[in-house]
Amino acid sequence: MKKRVERLRGMHDTLPEAYQHQRWVTDSLSTFLAQAGYATVDAPILEYSDLFLSSFGQELWQNLYAFRLHQRDLCLRPEYTASICRLYLDHYQQQPLPQRFQYAGPIFRYEAPGRNRYRQHTQLGVELFGGQTIFADAEIVQLACDMLQKLHITQYRLELGHIGVASGFIKRLRLDDHAARLLLSLMEQISRSEEGERAAQARLEALYPGNTAEEQSEDTTARGAKGAVSELETRFMSSLLNGISISFGDDAVRNEVVERFLWKVGRGEQRRQILHALEFMRALHALSGSPPLVFDELRALLARYELDEQPLAELEQLVAIVEQCGVHQQQIVLNLSLGRGVSYYTGLVFEIHARDEDGFEAQLCGGGRYDQLMRAIGSNRDINACGFAFGIERLLPLLSQNDLPKNEYTQALVIPVSQSDVPYALQVARSARLQGLRIEVDVNGHGVGAGLKVAVKKQIALAMIVGENEQRIQGVTLRDLQTGEERVTPVDALAEIVPHKEQRL
RNA sequence: GUGACCGUAGCUCAAUAGGUAGAGCACUGGAUUGUGGCUCCAGCGGUUGUGGGUUCAAGCCCCAUCGGUCACCCCA
């Protein structure tokens, strides 16, 4: 076999049917957003890597398609938000706020490909700059839901969260900035699973490494180091873990986890604070659920920790508005441990999930509020901003076939009788197209019989046979491939005849 | 990133226990030089993903690597 250049891993080709469907979805949603005042813009696919530093921290740096070219650090955009913010700063600062933008196009992330997951995929989204927080938040969440409505996708789950709760808590811990940010970005991972917590733990450990000599001695005599951890600390951790009922297999395993954690995290004040934060995040996660009940429970939790109720009040208003737009309470899940991958969110965060017909659940949409991103990428003032983006490829499997457009199939194939009739065939095709028909020409150069075979194989309903006889009268022999019926038709009249013939199919 | 399974013609797949690599579809030509679908005939097509190893002998066994699928992990 000849060596063939393969398609890149995680990249996909878009074939005619999928392309049509994708364009239909994009057009429908874009039209809808334009009705809401969102002007379509686009930005370069390639940007300076620095643009994405604040959104993709060091943790996600490896997920960028970044490279160095001519002494410049460049990067294929991993998302639109930062680019649109840059676009705003470059062109719109003199315009009055709020400003609304929509976009659609490819983005790139270097990740392990999987089902419904590509290294290049298409995002369609909006950014809303300025406006009052609660109203702007409500507008975009409502838009996201209405867009699904527009596509007749009704079975979905709307997850709402608010970074303000956890960040309010962390702020009080007086952690250093780096630790606080890391903790926040790990929140979702921590609350998801035992394994996730362990991974997060490792990252936090790296932040406050213990005494090197002690660690080495632990490696050689793991059990011998036991005495170094105080009885009190072990019991505290133990009861903490008990309280939030995580299953650890058996006591030995749990003790091991507790011990290693306390040991490795180091012994400073920071460690105690982090433990505190972990506990709080667990509690937040445990309380996720649907309104209205969950609000009471969350309010009680915030009161217990003496935290500001403002974020919760915002969410409550938001839920009320979203419900008025036809989203059922059962579809809404409040999850204050929702973190989202990127690190710039400051307030509302939300995601929309849905299950396809195979029962596979995928995230369709994600977004939130990021009031400090503008400053992070070089603005000299903060500009309130929020937005969201849909993954177009993930919407496609959820669409009903009835809604999707039919393929633009070819209506007739022009078959030249002999090679000398090709110029006339092309002329006929051109004339028919000018009349609005979709016409292909058989360019195989092998006669009428073979030409008709081509038409059948390609499932084209009509053939236009053209030779000397037809050219003499400026006509075609129009043959119906289904009935075998033939009639000679003037080229000028094709537009009237062809559509009628087709309807027989 | 981790684990499991898989990789043979353009596509879908065969190949006994390790013993000379096959079929259908598709494609090209013909039966049919201005009339198709059906049929028949012929042709084209391969370093068995790649590299190493074991063996008298490897598509098959072993190792590595690349790619694919699924489940985790993570994300849209």
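Just above sits the structure.
Residues numbered from 1 in each chain as written. Chains lettered and ligands numbered in written order. Predicted model: local features only at pLDDT ≥ 70, side-chain atom pairs only at ≥ 80, totals over all residues. Heavy atoms only, no water.

Draft legend 1. Region of interest: the pattern of salt bridges. With the rule as written, the count across this model stands at 17 salt bridges. A salt bridge links arginine 157 to glutamate 159, with the nearest nitrogen and oxygen atoms 2.7 Å apart. As a salt-bridge pair, lysine 458 and glutamate 440 come within 2.7 Å of each other at their nearest N and O atoms. Remark: glutamate 440 occurs in strand S13 (residues 439-441) and lysine 458 occurs in the loop between helix H16 (447-457) and strand S14 (462-466); sequence separation between them is 18 residues. For lysine 458, a relative accessible area of 45% corresponds to the partly exposed category. Residues joined by salt bridges that share partners form a network here, namely Arg157, Glu159, Arg355 and Glu361. (Salt bridge = Lys/Arg side-chain N within 4 Å of Asp/Glu carboxyl O. Helix = DSSP H or I, 4+ residues; strand = E, 2+ residues; numbered from the N terminus. Buried < 20%, exposed > 50% of the residue type's maximum accessible area, 1.4 Å probe, protein only.)

Draft legend 2. Structural context of the sheet that holds strand S2 (residues 46-48). Pairing within the open sheet is antiparallel, and its 3 strands lie in the order S2-S4-S3. Whereas interior strands pair on both sides, the edge strands pair on one side only; in this sheet they are S2 and strand S3 (65-69). Along the sheet, successive strands turn relative to each other by an average axial angle of 35 degrees, direction set aside. As paired strands, S3 and strand S4 (residues 72-76) are joined by 5 bridges and run antiparallel to one another. Within the sheet, the bridge partner assigned to alanine 66 lies in S4 and is cysteine 75. (Pairing = 2+ DSSP bridges. Axes fitted to C-alpha atoms, helices over the stretch in contact; angles between N-to-C directions.)

Draft legend 3. Fine view of helix H3 (residues 133-150). For H3, spanning 18 residues, the distance from its first C-alpha to its last is 25 Å, which sits close to the expected 26 Å at 1.5 Å a residue. Taken together, the buried positions of H3 are occupied by Ile134, Ala136, Asp137, Ala138, Ile140, Val141, Leu143, Ala144, Cys145, Asp146, Met147 and Leu148. (Expected span 1.5 Å × (residues − 1).)

Draft legend 4. Structural context of unusual backbone geometry. In the segment running from leucine 97 into proline 98, the intervening peptide bond is cis, with an omega of 0 degrees. The residue proline 98 is located in the loop between helix H2 (81-91) and strand S5 (99-108) in this model. Here the bond from proline 291 into proline 292 is cis, since omega is 0 degrees, no more than 30 degrees from zero. Checked against the element boundaries, proline 292 lands in the loop between helix H10 (269-286) and helix H11 (293-304). The phi dihedral of histidine 70 is positive, around 50 degrees, even though this residue is not glycine. With respect to the helices, strands and loops of the structure, histidine 70 is situated in the loop between S3 and S4. Even without glycine at this site, asparagine 116 takes up a positive phi of about 55 degrees. Inspection of the secondary structure puts asparagine 116 in the loop between S5 and strand S6 (120-129).

Draft legend 5. Looking closely at the environment of alanine 286. Within the secondary structure, alanine 286 is located in helix H10. In this structure alanine 286 comes out as exposed when scored by relative accessible area, which is 63%. Considering only alpha carbons, one finds alanine 286 and serine 337, 51 residues apart in sequence, at a separation of 9.1 Å.

Draft legend 6. Molecular detail of the packing of H3 against helix H12 (residues 310-324). Orientation of H3 relative to H12, taken along the N-to-C sense of each, is 40 degrees, at an axis distance of 10 Å. One way to sum up the angle between H3 and H12 is to call them oblique. Of the two possible hands of crossing, H3 and H12 adopt the one that is right-handed. From H3, Thr133, Ile134, Asp137, Ala138, Val141 and Cys145 reach across to H12, where they touch Glu314, Gln317, Leu318, Ile321 and Val322. (Parallel < 35°, antiparallel > 145°, perpendicular 65-115°, else oblique. Left-handed = near helix turned anticlockwise from the far one by under 90°. Contact = heavy atoms within 4.5 Å.)

Draft legend 7. Local environment of the packing of aromatic side chains. Applying the stated criterion across every chain yields a total of 14 aromatic pairs. Between the aromatic rings of tyrosine 345 and tyrosine 370, the centroid separation amounts to 6.5 Å while the plane-to-plane angle is 75 degrees, which identifies the pairing as edge-to-face. Placement of tyrosine 345 in the loop between strand S8 (332-334) and strand S9 (348-355) and of tyrosine 370 in the loop between strand S10 (361-369) and helix H13 (373-376) is noted, with a sequence separation of 25 residues between them. Residue class for tyrosine 345 comes out buried when judged on its relative accessible area of 8%. Taken together, the ring pairs connect Tyr88, Tyr92, Phe101 and Phe129 into an aromatic cluster. Just above the ring of tyrosine 110 sits the side chain of arginine 119; from NZ or CZ to the centre is 4.1 Å. Note that arginine 438 overlies the ring of tyrosine 409, its terminal NZ or CZ placed 5.1 Å from the centroid. (Phe/Tyr/Trp six-rings, centres within 6.5 Å; stacked < 30°, edge-to-face > 60°. Lys NZ or Arg CZ within 6 Å of the ring centre and 35° of its normal.)

Draft legend 8. View of the packing of helix H1 (residues 16-35) against H3. With their axes 10 Å apart at the nearest point, H1 and H3 run at an angle of 135 degrees to one another. In terms of their interaxial angle, H1 and H3 are classed as oblique. Remark: the crossing between H1 and H3 carries right-handed chirality. On the side of H1, the interface is formed by Ser28, Leu29, Phe32 and Leu33, while H3 contributes Leu143, Asp146, Met147 and Lys150. In terms of residue class, the contact of H1 with H3 is made up of 5 nonpolar, 1 polar and 2 charged. (Nonpolar A, V, L, I, M, F, W, Y, C, P; charged D, E, K, R; others polar.)

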